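# Architecture at a glance
Each chain, letter by letter, is given below.
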Amino acid sequence: MLIRDLFSQKKQTLSFEVFPPVREGNLESLFQTISELQELKPDFISVTYGAAGGTRDKTIEIASRVKSEIKSEALAHLTCVASTRDDIARIVDDMKAQNIENILALRGDPPRGEEKFVRPAGGFGFANELVAFIKERNGFSVGVAGYPEGHPEASSFDDDLKNLKRKVDAGADFIVTQLFFNNDDFYRFRDRAVALKINVPIVPGIFPILNYKQVLRITELCGAKIPPALGEKLCWLKDKPESVEKYGIEYAQKQAYDLIRNEVRGLHICTMNQSRAARKIVRELGL
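Residues numbered from 1 in each chain as written. Predicted model: local features only at pLDDT ≥ 70, side-chain atom pairs only at ≥ 80, totals over all residues. Heavy atoms only, no water.

Helices and strands together make up the secondary structure of the chain, namely 11 helices and 8 strands. In terms of C-alpha radius of gyration, the chain reaches 18 Å, essentially the compact-globule figure of 19 Å for 287 residues. Once the C-alpha set of the chain is aligned to its principal axes, its extents read approximately 50 × 45 × 45 Å. Taking all 287 residues of the chain together, 55% fall into the buried category. Considering only residue pairs separated by 6 or more positions, the chain has 78% of its internal contacts joining residues 24 or more positions apart. Accessible surface, the chain as shown: approximately 13,800 Å² in total, 48% of it carbon and sulfur. Measuring between centres, the 41 positive side-chain charges of the chain sit 2 Å from its 40 negative side-chain charges. (Helix = DSSP H or I, 4+ residues; strand = E, 2+ residues; numbered from the N terminus. Rg over C-alpha atoms; globule rule 2.2 N^0.38 Å. Buried < 20%, exposed > 50% of the residue type's maximum accessible area, 1.4 Å probe, protein only. Contact = heavy atoms within 4.5 Å. Areas by Shrake-Rupley, 256 points an atom, 1.4 Å probe, with all protein chains shown as cover. Lys, Arg positive; Asp, Glu negative; His and termini not counted. Charge placed at Lys NZ, Arg CZ, Asp CG, Glu CD.)

Here's what the structure looks like:
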């Protein structure tokens, strides 16, 4: 099913994000997690795409199996990194052959060891170009990324919103946001997007904190800020892993509850390939 059609049928969606495991033998462990997540009846499960396309084949395999074996809708990530137009065409055709109908179109991060993204020879330099290319091939619903605190490479918040508008104008059907820990940042982002006539569903990305060092590393990579009160609490608990996880899940629950009260179009929960936090959040919220 095309995800854009889900939004026309439901007031709010529920979705989860997983990533291809680095080690080959961990694939079946991932599918055990996905099976546990499926018990929560998500509307779709997204599968990320490794740096420099390193997990491309696994992304397609996992997304295809999510549809055929797990019987859930899949959203396969796709980036511009290290790919020509012909490469992208082959990947998209492969996705179609595997019955994958939904793609999250991303520019992607610079390849490892490089500080700035450089347009690949014969490829795309911006996500809006990728969106337009996919839409020309028909049969896909295309989502894009949004950044409630602004993309770390953007010259300003306004410029980043203009870039988001270009992606939507190119044919994007919905937006899934980067993680954030202050809901006011999301509401400001949503309001400003609507003011720019960005009229597609915007789904907030929720990241339950399970590990102190992990959240520091991830926020450094994506540019998300940890609010002072949250940071102080995590620092106080950092030598107590179980307490960090318990508090992190509680914090995500409160975020999610507030977002639902403020009529978001869905919740997209990053699982880090573990089901326990997502299961607790969803069940506590009564979703």
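As enumerated under the stated definition, the model contains 6 aromatic pairs in all. The interplanar angle of 15° and the centroid separation of 5.5 Å between the aromatic rings of F180 and F186 together place this pair among those described as stacked. Taking relative accessible area as the criterion, F180 reaches 0% and is therefore assigned buried. On the numbers, 6.3 Å between centres and 50° between planes, the contact of Y247 with Y251 is tilted. Of the two residues, Y247 and Y251 both sit in helix α10 (residues 241-261), 4 residues apart, roughly one turn of that helix. Within the aromatic cluster, the residues linked to one another by ring pairs are F7, F44 and F174. When the ring centre of F157 is taken as origin, the NZ or CZ atom of R188, which lies over that ring, is 4.2 Å away. Over the aromatic face of Y247 sits the side chain of K233, whose NZ or CZ is 5.3 Å from the ring centroid. (Phe/Tyr/Trp six-rings, centres within 6.5 Å; stacked < 30°, edge-to-face > 60°. Lys NZ or Arg CZ within 6 Å of the ring centre and 35° of its normal.)

This brings us to the side chain of D173. With respect to the helices and strands, D173 occurs in the loop between α6 (157-169) and β6 (174-179). In this view, D173 contacts R4, K135, F140, S141, V142, V200 and P201; residues no more than four positions away in its chain are not counted.

Let's shift gears to the environment of L196. With respect to the helices and strands, the residue L196 is situated in the loop between α7 (183-195) and β7 (202-206). For the pair L196 and K165, spaced 31 residues apart in the sequence, the C-alpha separation amounts to 7.4 Å. Not counting the four nearest positions on each side in its chain, L196 is found in contact with L161, K162 and K165.

Next up on the list: α7. For α7, with 13 residues, the first-to-last C-alpha span of 18 Å sits near the 18 Å given by 1.5 Å per residue. For α7, the elements touching its buried residues are β5 (141-146), α6, β6, β7 and α10. One side-chain oxygen of the residue at the start of α7 lies 2.9 Å from the amide nitrogen of D184, identifying that residue as N182. Two residues or fewer past α7, K197 is found with a positive phi of approximately 65°. (Expected span 1.5 Å × (residues − 1). Polar contact = N/O pair within 3.5 Å; in protein donor to acceptor, adjacent residues only side chain to side chain.)

Packing of α10 against helix α11 (residues 276-285) leaves a shortest axis separation of 10 Å and a crossing angle of 45°. With respect to α11, the element α10 is oriented oblique. For the crossing formed where α10 meets α11, the hand is right-handed. Contacts from E245, I249, A252, Q253, A256, Y257 and I260 in α10 reach R276, A277, K280, I281, E284 and L285 in α11. Counted by class, the contact of α10 with α11 contains 8 nonpolar, 1 polar and 4 charged residues. (Axes fitted to C-alpha atoms, helices over the stretch in contact; angles between N-to-C directions. Parallel < 35°, antiparallel > 145°, perpendicular 65-115°, else oblique. Left-handed = near helix turned anticlockwise from the far one by under 90°. Nonpolar A, V, L, I, M, F, W, Y, C, P; charged D, E, K, R; others polar.)

What follows covers the nonpolar core. Counting residues in each nonpolar core, the largest one holds 66 residues, and the members touching the most others are I34, L78, M95 and I134. If sequence neighbours within four positions are ignored, I134 has contacts with L78, V92, I103, A105, F140 and V142. Membership of the second largest hydrophobic core comes to 15 residues, among which are F181, F207, L230 and C270. (Core = buried A, V, L, I, M, F, W, Y, C linked by side-chain atoms within 4.5 Å.)

On to helix α8 (residues 212-222). All of the buried residues along α8 are Y212, Q214, V215, I218, T219 and C222. Burial along α8 is one-sided: seen end-on, the buried residues are contained in an arc of 160°. Seen from the buried face of α8, the exposed residues on the opposite side, beyond 90 degrees, are K213, E220 and L221. Where α8 is buried, its residues contact β6, α9 (228-237) and α10. (Arc of directions from axis to C-beta.)

With respect to the element layout, S46 can be found in strand β2 (residues 44-47). The exposure class of S46 is buried, given its relative accessible area of 0%. A distance of 3.3 Å separates a polar atom in the side chain of S46 from a polar atom in the side chain of H268. In this structure S46 touches F16, E17, V18, L75, H77 and H268, once residues within four positions along its chain are discounted.

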